[in-house]
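Close look at the chain arrangement
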Amino acid sequence: MGFSLEHGSLGDGSPHIRHAVRSDRDALIRLHRALYVDYRNHIGNASLRPLVAYRDFASVLVDDVDAMMNSRNTEIFVAELRSVLIGYVTGRTEHDPRREISKKGVVEDWFVAPTHRGHGVGRALFANLAKRFAERGCGLIESTTWSFNRAGRAAHERLGFKEIQVMYRMPLNLTYPTQT
Ligand SMILES: CC(C)(COP(=O)(O)OP(=O)(O)OC[C@H]1O[C@@H](n2cnc3c(N)ncnc32)[C@H](O)[C@@H]1OP(=O)(O)O)[C@@H](O)C(=O)NCCC(=O)NCCS
């Protein structure tokens, strides 16, 4: 796994990678929506939607972005091309002294606009986040995505992630046979 691309080193005519600033808020909300509404609906299995749905997703997305921007424990990097944000990655650190590797970096969101994918922007965003996690003393990086996100899973594996867990959900409004 090599993370050699850091702040703005993609080359001429390529996006600039930098920390998010306050004035990025609206653009970040749009990217957040593009990931959690447009992309998820595009790849998602409609039958699973009730298991992941929120009541008022529009305000959840805004709350998420505001919470991340206000948290000193959260890193937000953006990719900017000609004054437009085309991608972002976010993550926070967690500490559990009982673990052999006690501090981890947790990736929360990782997204590049569809027309800019496949040119190293996602890797460059991730490289910056990974470097910050290392500077903050993290010994590993954790990331989750939907099981039906085949492309996103492949990109994770390409970066060196190993799958360690799967999550199941079921609605409780079904009738199951019980033993008497
Ligand atoms: C995942 C994502 C952020 C990657 O951004 P990107 O700019 O396309 O990524 P890069 O071009 O930097 O590629 C990074 C690596 O992943 C690999 N990769 C990217 N997409 C891939 C795919 N669909 N299948 C297989 N490998 C893939 C690339 O080959 C590259 O590996 P390499 O550098 O060793 O060749 C982008 O595809 C995206 O926004 N996807 C939708 C949202 C998503 O799934 N996010 C992740 C989970 S929340």
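Residues numbered from 1 in each chain as written. Predicted model: local features only at pLDDT ≥ 70, side-chain atom pairs only at ≥ 80, totals over all residues.

Side note on the overall build of the protein chain
Our working definition: Every helix listed is a DSSP run of H or I at least four residues long, and every strand listed is a run of E at least two residues long, numbered separately from the N terminus. Labels follow a simple rule on C-beta atoms placed from the backbone: if 20 or more others lie within 10 Å of a residue's own, it is buried; if 12 or fewer, it is exposed; otherwise it is partly exposed.
Looking only at helices and strands, the protein chain features four helices and five strands. Counting across all 180 residues of the protein chain, residues that qualify as buried make up 21%.

Looking at the confidence of the model for the protein chain
To be explicit about the condition: Residue-level confidence of the predictor is what pLDDT reports, using numbers from 0 through 100. What counts as a contact is two residues whose backbone-derived C-beta atoms lie within 7 Å of each other.
Per-residue pLDDT for the protein chain averages 92, and the proportion of residues at 70 or more is 89%. Taken as a whole, residues 1-5 scores under 50 in pLDDT and shows 11 contacts with residues more than four places along the chain or in a different chain.

Quick notes on helix α4 (residues 150-159)
Within α4, only zero of the 10 residues are buried, which leaves the element largely exposed. Immediately beyond the C-terminal end of α4, within one or two residues, lies G160, with a positive phi of roughly 115°.

A short note on the site of the ligand
This is how it is decided: To decide nearness, the C-beta atom of each residue is placed from the backbone, and the residue is near a molecule or strand if that atom lies within 6 Å of it. Three classes are used: nonpolar for Ala, Val, Leu, Ile, Met, Phe, Trp, Tyr, Cys and Pro, charged for Asp, Glu, Lys and Arg, and polar for all others, with Gly counted as polar.
In the vicinity of the ligand there are 19 residues, among which R117, G122, R123, G152 and A154 approach most closely. Counting only elements with at least two residues in the shell around the ligand, the list comes to α1 (25-43), β4 (103-112), α3 (121-135) and α4. No other element matches α4, which puts five residues into the shell around the ligand. Residue classes in the shell around the ligand are distributed as nine nonpolar, seven polar and three charged.

Overview of the nonpolar core
The cut-off we apply is this: The term nonpolar core refers to a group of buried residues, namely Ala, Val, Leu, Ile, Met, Phe, Trp, Tyr and Cys, whose C-beta atoms join them within 7 Å.
F77, A79, Y88, V89, L125, F126 and L129 are the most contacted members of the largest nonpolar core, which has 27 residues in total. At the level of secondary structure, the elements contributing two or more residues to this core comprise α1, α2 (57-70), β2 (74-81), β3 (84-95), β4 and α3. Of the residues forming this core, the biggest block, eight residues, is contributed by α3. Once residues lying within four places of it in the same chain are set aside, the contact partners of F77 are I17, R18, H19, A20, Y88, V89, L125, N128 and L129.

With respect to the sheet that holds β2
Hydrogen bonds between backbone groups are what pair the strands of a sheet, and the pairing can be parallel or antiparallel. Using the following cut-off: A strand pair is defined by DSSP finding two or more bridges across the two strands. Axis geometry follows a simple rule: fit a line to the C-alpha atoms, using only the stretch in contact for helices, then measure angles between N-to-C directions, giving values from 0 to 180 degrees.
The strand order across the open sheet formed by five strands is β1-β2-β3-β4-β5, and the pairing between neighbours is mixed. The open sheet terminates on both sides in strands that have one partner only, identified here as β1 (16-19) and β5 (140-143). Looking at each pair of strands side by side, their axes are set apart by 25° on average, direction ignored. Along the sheet face, α3 touches β1, β2, β3, β4 and β5 and points at about 30° away from the line of β3.

Quick notes on the packing of α1 against α2
Just so we agree on the cut-off: Any angle between 65 and 115 degrees counts as roughly perpendicular, while under 35 counts as roughly parallel, over 145 as roughly antiparallel, and the rest as oblique. Crossing handedness is defined as follows: a turn of the near helix away from the far one that is anticlockwise and smaller than a right angle gives a left-handed crossing, while the clockwise case is right-handed.
One can describe the packing of α1 onto α2 by two numbers: an axis separation of 9 Å at closest approach and a directional angle of 125°. When the interaxial angle is binned, α1 and α2 end up oblique. Pair α1 / α2 crosses with right-handed handedness. Note on element contacts: α2 touches α1 through F57, L61, V62, D64, V65 and M69, opposite R25, L28, I29, H32, R33, Y36 and V37. Considering only residue class, the contact of α1 with α2 consists of nine nonpolar, one polar and three charged.

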